[in-house]
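What follows is each chain in one-letter form.
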Amino acid sequence: MRTAFFVTSTAREKITVFDTTLRDGEQTPGVSFTTDEKVEIARQLSDIGVHMIEAGFPASSDAERATVKEISGLGLDAEICGLARSLEKDVDACLDCDVDIVHVFIPTSDIQREYTIRKSREEVLAATAEIITYVRDHIGACMFSAMDATRTDWDYLIEVFRTAADAGATIINVPDTVGVITPHAMRDLITRIAAEVDCPIDVHCHNDFGLGVANTLAAVEAGASQVQVTINGLGERAGNADLAQTVMSLESIYGISTGIRTPALVETSRLVSRYSGISIPPIQPIVGDNAFAHESGIHSHGVIARSDTFEPGIMTPEMVGHRRRLKIGKHVGRHAVRQLLEDVHITPTDTQLDEIVTRVKFISGKGKRVTDADLYSIAETIMEIPANEKAIKLEDIAVMTGNHVIPTASIKAEINGVEHIYSSVGNGPVDAALKAILGISPAAIQLKEFNIEAISGGSDAIGHVTITVEDERGRIFDASSSGDDIVLASIEAMINAINLVHRVR
Ligand code: KIV
Ligand code: ZN
């Protein structure tokens, strides 16, 4: 079911998706991708159908130039773009990388002109014409950005864009550099540019007021044909318009096909989260953990009956590579608990179910998270089901770490009655230990999430570890453990998860 609620007559049927995760996204404070990470992200972006990738700013360093060159040489389906200030040496650096398109920019607002490049309006017009002519003398495609366009005097902005188009810009970009425009004003601005400048329009919206995606969509409504986005909304300050949110809004709300392979959105977001070190908030739209999760009794009951009672419907978890999950917590209801237990073949009577729900609400009402492992163990106790024989019993663990050694863990465990020993190295002691356990796990499971929080203060704080795993049938389970040794607590949580997966097989 798709409902195109808001398609306007000016919205294009085809929108190109320009991703700048590797350029503006890498300008996120604290983010720095290695070349290998950039290459992998570029491959992923191209694989999911992104039309154009801004691979970097080649003039900024030799290393950046080498990386952009490497990405250009990969032969990806996506076109590769390099960023340049309005300087010939910057353009030359892009050309040296064999990019498909050069993106030149110059500040046009009075504040940026006067305080950054110290050029008059006339000088900016002349520099615009000169640099675009230079680019077009060397390469067939040039994007021109009037930096801080939305805070530029609009009559002057039109003059700048006309100059750019006359000099040969193949697309003009309207950056909302400090994220201050509103959707209404963006619609007016793009409508005016489209009427007065003969050139395709692109938008680049920052998210300082949380309006990045809304402003991008407003630009599309008014006739922009290209959107600049980043994975997870990375970018300067509060970031840029998020790719997943923009693409899914275009697809599901506007009914505009972007050509993006949307079932890969969650995996792409996780890849970039891993490499950027910026975690995805659970309530992040589309890709966040809670995007299709339901806890309250009323909502869970609704979605069990029909998913679009409490989900958009025009966007399903499958469309974005996510899963619907019923979560256990303070607001859980009988329907959700029954469903979760039935999924693992536990069928309580009505009275037993009432008791299980009461116990779950009691525990989570005290602020404690109830994991799947906790739920099954509550059910087993109340229903007097003998606890299953454990698949894996930890016998010994030794972990070595230090400033001159690679963290290494060795584990001895009894698996279905037979003793096994396994060692692994990792990025840290916890990583090494979890890899060692997964190396001997009798169940094929993948670690999806790992979370640790300190329950009390001080260096002797109790750490509470919660992990989420996926079994070979794609089912998701969580388990936890606490202790004052975070390595041991992590190992115990993983062993609980393995035994849980074994129990519900
Ligand atoms: O925010 C901005 O104005 C930019 C330009 C380089 C397009 O990132
Ligand atoms: Zn930007």
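Residues numbered from 1 in each chain as written. Chains lettered and ligands numbered in written order. Predicted model: local features only at pLDDT ≥ 70, side-chain atom pairs only at ≥ 80, totals over all residues. Heavy atoms only, no water.

Describing the coordination of the zinc ion (ligand 2)
Rules: Only N, O and S atoms count as donors, using a 2.8 Å cut-off from the metal and 3.2 Å for Na, K and Ca, and because water is excluded some sites may appear unfinished. Labels follow the DSSP assignment, with helices taken as runs of H or I lasting at least four residues and strands as runs of E lasting at least two, numbered in each case from the N terminus. In this scheme, a residue with accessible area under 20% of its type's maximum is buried, one over 50% is exposed, and one in between is partly exposed, where area comes from a 1.4 Å probe on protein chains only.
Of the protein atoms, only D24 (OD), H204 (NE2) and H206 (NE2) coordinate the zinc ion (ligand 2), at distances of 2.0 to 2.1 Å. In the primary structure, the donors to the zinc ion (ligand 2) are separated according to the pattern D-x179-H-x1-H. In this pair, D24 is assigned in the loop between β1 (16-19) and α1 (35-47) and H204 in strand β7 (residues 201-205), connecting sequence segments 180 residues apart. Of the two residues, D24 and H204, both sit in the buried class.

Some points on the sheet that holds strand β8 (residues 226-229)
What counts here: Strand pairing follows a simple DSSP-based rule, namely that at least 2 bridges must link the two strands. Only the stretch in contact is used when fitting a helix axis, every axis being a line fitted to C-alpha atoms; angles between N-to-C directions are given from 0 to 180 degrees. Contacts: residue pairs with any heavy atoms within 4.5 Å of one another.
The parallel closed barrel is built from eight strands, whose spatial order is β1-β2-β3-β4-β5-β6-β7-β8. Averaged over all pairs of adjacent strands, the angle between strand axes in this sheet comes to 25°, irrespective of strand direction. Relative to strand β6 (residues 171-176), strand β5 (residues 142-147) is paired through three bridges, and the arrangement is parallel. Considered in β6, the bridge of F144 is made with I172. Its contacts with the sheet place helix α5 (residues 121-138) against β4 (101-107) and β5, and it is angled at close to 170° to β4.

Observations concerning the environment of D36
Relative to the elements of secondary structure, D36 occurs in helix α1. For D36, a relative accessible area of 61% corresponds to the exposed category. Along the sequence, D36 and G212 sit 176 residues apart, while their C-alpha atoms lie 29 Å from each other.

Regarding the pairing of β4
When you tally the buried positions in β4, you get seven out of seven residues, the bulk of the element. What you see with β4 is no split at all: I101, H103, F105 and P107 on one side and V102, V104 and I106 on the other are buried throughout. For strand β3 (residues 79-85) and β4, the ladder comprises five bridges, and the chain directions are parallel. Directly across from L83, in β4, lies its bridge partner H103. Of the pairings in the sheet, the one linking β4 to β5 comprises six bridges and is parallel in character. Each bridged residue has a counterpart across the sheet, and for H103 the counterpart in β5 is M143.

A closer look at the packing of α5 against helix α6 (residues 154-167)
Put simply, the rule is: Each angle is binned into one of four classes, with values under 35 degrees roughly parallel, values over 145 roughly antiparallel, values of 65 to 115 roughly perpendicular, and all other values oblique. Helix crossings get a hand from a simple test, with the near helix turned counterclockwise from the far one by less than a right angle marking a left-handed crossing and a clockwise turn marking a right-handed one. By the convention adopted, Pro, Cys, Tyr, Trp, Phe, Met, Ile, Leu, Val and Ala count as nonpolar, Lys, Arg, Asp and Glu as charged, and the other residues, Gly among them, as polar.
Remark: α5 packs on α6, axes separated minimally by 8 Å, with the N-to-C direction vectors making an angle of 25°. Taken together, α5 and α6 sit at an angle that is classed as roughly parallel. For α5 against α6, the interelement crossing comes out right-handed. Each of R121, V124, L125, T128, A129, I132, T133 and R136 in α5 lies in contact with α6, whose residues at this interface are Y156, E159, V160, T163, A164 and A167. When its residues are assigned to classes, the contact of α5 with α6 shows eight nonpolar, three polar and three charged.

Let's talk about the side chain of Q226
Test applied: Whenever two N or O atoms come within 3.5 Å, that pair is a polar contact, provided that in protein one can donate a hydrogen and the other can accept it, and provided that, for residues adjacent in sequence, both atoms are side-chain atoms.
Within the fold, Q226 resides in strand β8. At 2.9 Å, the side chain of Q226 and the side chain of D202 are in polar contact. Those residues in contact with Q226 that lie beyond four places of it in its chain are T16, F18, M52, M143, I171, I201, D202 and V203.

Concerning a nonpolar patch on the surface
Formally: Patch membership needs two things, relative accessible area over 30% and no salt bridge, and members are linked within 9 Å if like-charged or within 5 Å if nonpolar (Val, Leu, Ile, Met, Phe, Trp, Tyr). Per-residue and other accessible areas follow the Shrake-Rupley method at a 1.4 Å probe size, with only the shown protein chains counted as cover for residues. A pairing counts as a salt bridge when a side-chain nitrogen of Lys or Arg comes within 4 Å of a carboxyl oxygen of Asp or Glu.
Among the surface-exposed residues, L447, F450, I452 and I486 lie close enough to one another that they form a single nonpolar patch of about 300 Å² accessible area. Residue contributions to the nonpolar patch peak at three residues, all from strand β14 (residues 446-454).

A few points about the pattern of salt bridges
Applying the stated criterion across every chain, the model contains 31 salt bridges. In this structure, the salt-bridge partner of R334 is D350, at a minimum N-O distance of 3.9 Å. Here R334, found in helix α13 (residues 334-343), pairs with D350, found in helix α14 (residues 350-365); they are 16 residues apart in sequence, far enough to count as distant. A relative accessible area of 34% means that R334 is categorised as partly exposed.

Here's the deal with the pairing of β1
What counts here: Crossovers are marked right-handed if the path from the first strand over the helix to the second runs clockwise, as seen with the strands pointing away from the viewer.
Pairing of β1 with β8, which is carried by four bridges, proceeds in the parallel orientation. Counted as the bridge partner of D19 is V229 from β8. Note on the crossover from β1 through α1 to strand β2 (residues 52-56): the handedness is right-handed.

Digging into the packing of α1 against helix α2 (residues 62-72)
In helix packing, the relevant descriptors are the interaxial angle and the interaxial distance, both defined with respect to the helix axes. At their nearest, the axes of α1 and α2 sit 10 Å apart, and the two run at 30° to each other. As the angle between them shows, α1 and α2 are arranged roughly parallel. For the element pair α1 and α2, the recorded crossing hand is right-handed. Together, T35, K38, V39 and A42 of α1 and E64, T67, E70 and I71 of α2 make up the contact between the two elements. Taken together, the residues of the contact of α1 with α2 break down into three nonpolar, two polar and three charged.

Brief notes about the domain arrangement of the protein
Our working rule: Segmentation into domains, and thus their bounds, comes from an automatic or database assignment.
For the protein, the domain assignment lists domain 1 (16-276), domain 2 (293-383) and domain 3 (392-504). Each of domain 1 and domain 3 has a C-alpha centre, and these two points are 43 Å apart.

Focus on the packing of aromatic side chains
Here a ring pair, both rings aromatic, is described through the centre-centre distance and the interplanar angle of the planes. The line we're drawing: By convention, a stacked pair of Phe, Tyr or Trp rings (six-membered ring in the case of Trp) has centres within 6.5 Å and planes under 30 degrees apart, an edge-to-face pair has planes over 60 apart, and any other such pair is tilted. Think of it as a cone above the ring: NZ of Lys or CZ of Arg counts as a charge over the ring if it is within 6 Å of the ring centre and within 35 degrees of the ring normal.
Scanning all chains against the criterion turns up one aromatic pair. Summarising the aromatic geometry, the rings of F144 and F161 are spaced 6.2 Å apart at their centres and angled 85° between planes, so their arrangement reads as edge-to-face. In this pair, F144 sits in strand β5 while F161 sits in helix α6, placing the two residues 17 residues apart along the sequence. As far as the burial class goes, F144 and F161 line up, both buried. Cation over ring: R121 sits above Y156, and NZ or CZ is 4.8 Å from the ring centre. Against the face of Y275 rests R274, its NZ or CZ located 5.4 Å from the ring centre.

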